[in-house]
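Inside the fold
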Amino acid sequence: MRRDVLPVSEQLRILTSGIADLVPEADLAKKLERNRPLRVKLGVDPTAPDLHLGHAVPLRKLRQFQDLGHTVVLIIGDFTALIGDPSGRNTTRPPLSREAIDANAQTYVDQAFRILDPERTELRRNSDWLEPLGFADILRLTSRFTVARTLERDDFQKRYREGIGISLHEFLYPVAQAYDSVAIEADVELGGTDQLFNLLAGRELMEKSGMEPQVALTLPLLEGTDGVQKMSKSYGNYIGLADEPFDMFGKVMSIPDSLMVKYYRLCTDMPVDEVDALESGLASGDVHPNAAKRDLARRIVTLYHGARAAAAAEDRFNAVFVKHEVPDDVPEVPVRLEDDVYLPGLLVALGLAPSSGEGRRLIDGGGVKVAGVTVEPHAYNVARARVEGQIVQVGKRRHARPVAPD
RNA sequence: GGGGGUGUGCCCGAGUGGCUAAAGGGGACGGGCUGUAAACCCGUUGGCUAUGCCUACGAUGGUUCGAAUCCAUCCGCCCCCA
């Protein structure tokens, strides 16, 4: 889908929709007017092998650039990973091993190409130009930045104020990232809003190196399913690009209503005008939040798994969460049962409880059903015939069927 | 180099010799309610077929009938001065 001669005004409309900052505002237009493909940079840390919708936000923006004929330079921060980006962190990151970095990088790229167009993507590793630098080069580079400027960063200030340590090498992260921009001659660099400082460092260094500085384009951070923290694997609030359709659908359904519009803007293809209309519809009560959220979930699942999978996921969602039906694909687990079955132990064997103590608590809390009947508190022992081959359910949505081993 | 502080359960954080498996909060899980895996309300929250036993308060070793609480050494983290 190549539309390389769209007028600049139209390109701008697409490229700036949903973004947080564009610095400086006017320069993107200037660059576009030269009518040559822009080099659009995104640097990624090979630290998160499982990409989620939050990672997808800048990737989707990159894809828009590609669809308009521009070139994406995707930089695997295999060298900077040795530093660990201090952005948004309140502690020093532990450095990764070389092996872990390589493996993560490969996984990242595989997943990123579900969104990016490989034909218009230049894949680079920043160890190519960072590793050969000698101490003299480092001195030259760091001399272009001042301590005061570096300490201006929110996260450094915050950490400093709160007495959380900042290691000296963390100061070098923005320097290294800025040098990436020089090395690949970036026209535009994307990042989350927490990256603004790093992106601006790139502008400074390019300018001082006698180049035309890049434009910094930031995208809002996407909150996770808890609606509070930014989406991140470590907060356990993420929707993975590789999540199964049903999980993905359910996770989208679990976001707070207040976040729906943002998800529409940042995670779907819905045109800007339509999102605006939806937003006012929700505000006025003309659009039912449940209908809107279902549509959102359907759109997102369709994006990553196709329409058919999305429809199936929705059906299953209805069955399990709306009608509380037992799904038809309850996993069968072979277990050897005594004649007198100790239920808490069985729950553990079925993977429905982490310990038999937890199993007892679940039973006492009325959360366990055997063949559709709630187990009475303290009724821990049941006859084998009552459970073998029957559906054992914990909570509303976890099921397993114990079967005799062959 | 000198001085000071700190290390508790998934996380934060009370607790200064027995009443502590350890307050409180968060999270998580279960129940209710709901358009919803949202909000709200209620309950549970170390392991073990268990009126008890085991493991646990940075590590190791002591003091004591008894230690998260006292002592010693060590390790980690932080602050101030230089």
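Residues numbered from 1 in each chain as written. Chains lettered and ligands numbered in written order. Predicted model: local features only at pLDDT ≥ 70, side-chain atom pairs only at ≥ 80, totals over all residues. Heavy atoms only, no water.

Topic: the pairing of strand β6 (residues 215-219)
- The buried fraction of β6 is high, at 5 of 5 residues.
- Of the two faces of β6, the one lined by Val215, Leu217 and Leu219 and the one lined by Ala216 and Thr218 are each fully buried.
- With 5 bridges joining them, strand β5 (residues 188-192) and β6 adopt parallel strand pairing. If you follow Gly191 over to β6, its bridge partner there is Thr218.
- Handedness of the β-α-β unit built from β5, helix α10 (residues 196-208) and β6 comes out right-handed. (Buried < 20%, exposed > 50% of the residue type's maximum accessible area, 1.4 Å probe, protein only. Helix = DSSP H or I, 4+ residues; strand = E, 2+ residues; numbered from the N terminus. Pairing = 2+ DSSP bridges. Right-handed = clockwise from strand over helix to strand, strands pointing away.)

Observations concerning the packing of helix α14 (residues 289-305) against helix α15 (residues 307-322)
- The interhelical angle for the contact between α14 and α15, taken along N-to-C directions, is 135 degrees, at an axis separation of 8 Å. Accordingly, the angle class assigned to the pair α14 and α15 is oblique. At the point where α14 passes α15, the crossing takes the right-handed sense. From α14, Arg294, Arg298, Val301, Thr302 and His305 reach across to α15, where they touch Ala307, Ala309, Ala310, Glu314, Phe317, Asn318 and Val322.
- Taken together, the residues of the contact of α14 with α15 sort by class into 6 nonpolar, 3 polar and 3 charged. (Axes fitted to C-alpha atoms, helices over the stretch in contact; angles between N-to-C directions. Parallel < 35°, antiparallel > 145°, perpendicular 65-115°, else oblique. Left-handed = near helix turned anticlockwise from the far one by under 90°. Contact = heavy atoms within 4.5 Å. Nonpolar A, V, L, I, M, F, W, Y, C, P; charged D, E, K, R; others polar.)

Examining the sheet that holds strand β13 (residues 398-403)
- Strands sit in the order β7-β13-β12-β9-β10 across an open sheet of 5 strands; the sheet is mixed. Edge positions in the open sheet fall to β7 (332-334) and β10 (373-374), since each of these has one partner strand only.

Overview of the protein's contact with RNA strand B
- Near RNA strand B you find 27 residues, and of these Ser254, Ser355, Gly357, Arg360 and Arg361 are the closest.
- Restricting attention to atoms of RNA strand B within 4 Å of the protein, one finds that 61% of them are sugar or phosphate atoms.
- Measuring from a phosphate oxygen of RNA strand B, one finds a backbone N or O atom of Gly357 at 2.7 Å.
- The element best represented in the surface near RNA strand B is helix α17 (residues 356-364), accounting for 6 residues.
- Residues of the surface near RNA strand B, tallied by class, amount to 6 nonpolar, 14 polar and 7 charged. (Near = heavy atom within 4 Å. Polar contact = N/O pair within 3.5 Å; in protein donor to acceptor, adjacent residues only side chain to side chain.)

Comments concerning the pattern of salt bridges
- Counted by the stated rule, this structure contains 31 salt bridges.
- Note that Lys30 and Asp27 form a salt bridge whose closest N and O atoms lie 3.4 Å from each other. With Lys30 and Asp27 both in helix α2 (residues 27-33) and 3 residues apart, this pair spans about one turn of that helix.
- Overall, the relative accessible area of 48% leaves Lys30 in the partly exposed class.
- In this structure, Arg298 engages Glu314 in a salt bridge whose closest nitrogen and oxygen atoms are separated by 2.7 Å. Placement of Arg298 in helix α14 and of Glu314 in helix α15 is noted, with a sequence separation of 16 residues between them.
- A relative accessible area of 12% places Glu314 in the buried class.
- Connected via shared salt-bridge partners are Lys31, Arg34, Arg36, Asp187 and Glu212. (Salt bridge = Lys/Arg side-chain N within 4 Å of Asp/Glu carboxyl O.)

Re the sheet that holds strand β3 (residues 71-76)
- In space, the 6 strands of this open sheet follow the order β1-β6-β5-β2-β3-β4, with mixed pairing throughout. With partners counted over all chains shown, the strands left at the sheet margins are β1 (21-23) and β4 (121-125), one partner each. Across the sheet, the axes of successive neighbouring strands diverge by a mean angle of 20 degrees, strand direction being ignored.
- Across the sheet, α10 is in contact with β1, β5 and β6; its angle to β6 comes to roughly 170 degrees.

Description of helix α13 (residues 272-284)
- The end-to-end C-alpha distance of α13, which contains 13 residues, comes to 19 Å, matching closely the 18 Å that a straight helix rising 1.5 Å per residue would cover.
- Among all positions in α13, only Val275, Leu278 and Gly281 are buried. For α13, the arc enclosing every buried residue in end-on projection is 120 degrees, short of the 170-degree limit, so these residues lie on one face. Residues of α13 that are exposed and point over 90 degrees away from its buried face: Asp273 and Ala283. (Expected span 1.5 Å × (residues − 1). Arc of directions from axis to C-beta.)

Focus on the nonpolar core
- The biggest cluster of nonpolar side chains holds 62 residues, and the ones touching the most others in it are Leu53, Leu59, Val188, Leu190, Tyr263 and Ile300.
- Apart from residues no more than four positions distant in its own chain, Leu190 is found in contact with Val40, Lys41, Leu42, Pro58, Lys61, Leu62, Phe65, Leu199, Leu217 and Leu219.
- With 20 residues, the next largest nonpolar core counts Leu343, Ile363, Val370 and Val394 among its residues. (Core = buried A, V, L, I, M, F, W, Y, C linked by side-chain atoms within 4.5 Å.)

Topic: the pairing of strand β2 (residues 39-44)
- Here β2 pairs with β3 via 6 bridges, running parallel. Looking across to β3, one finds that Leu42 is bridged to Leu74.
- As paired strands, β2 and β5 are joined by 2 bridges and run parallel to one another. Along β5, the bridge assignment pairs Lys41 with Glu189.

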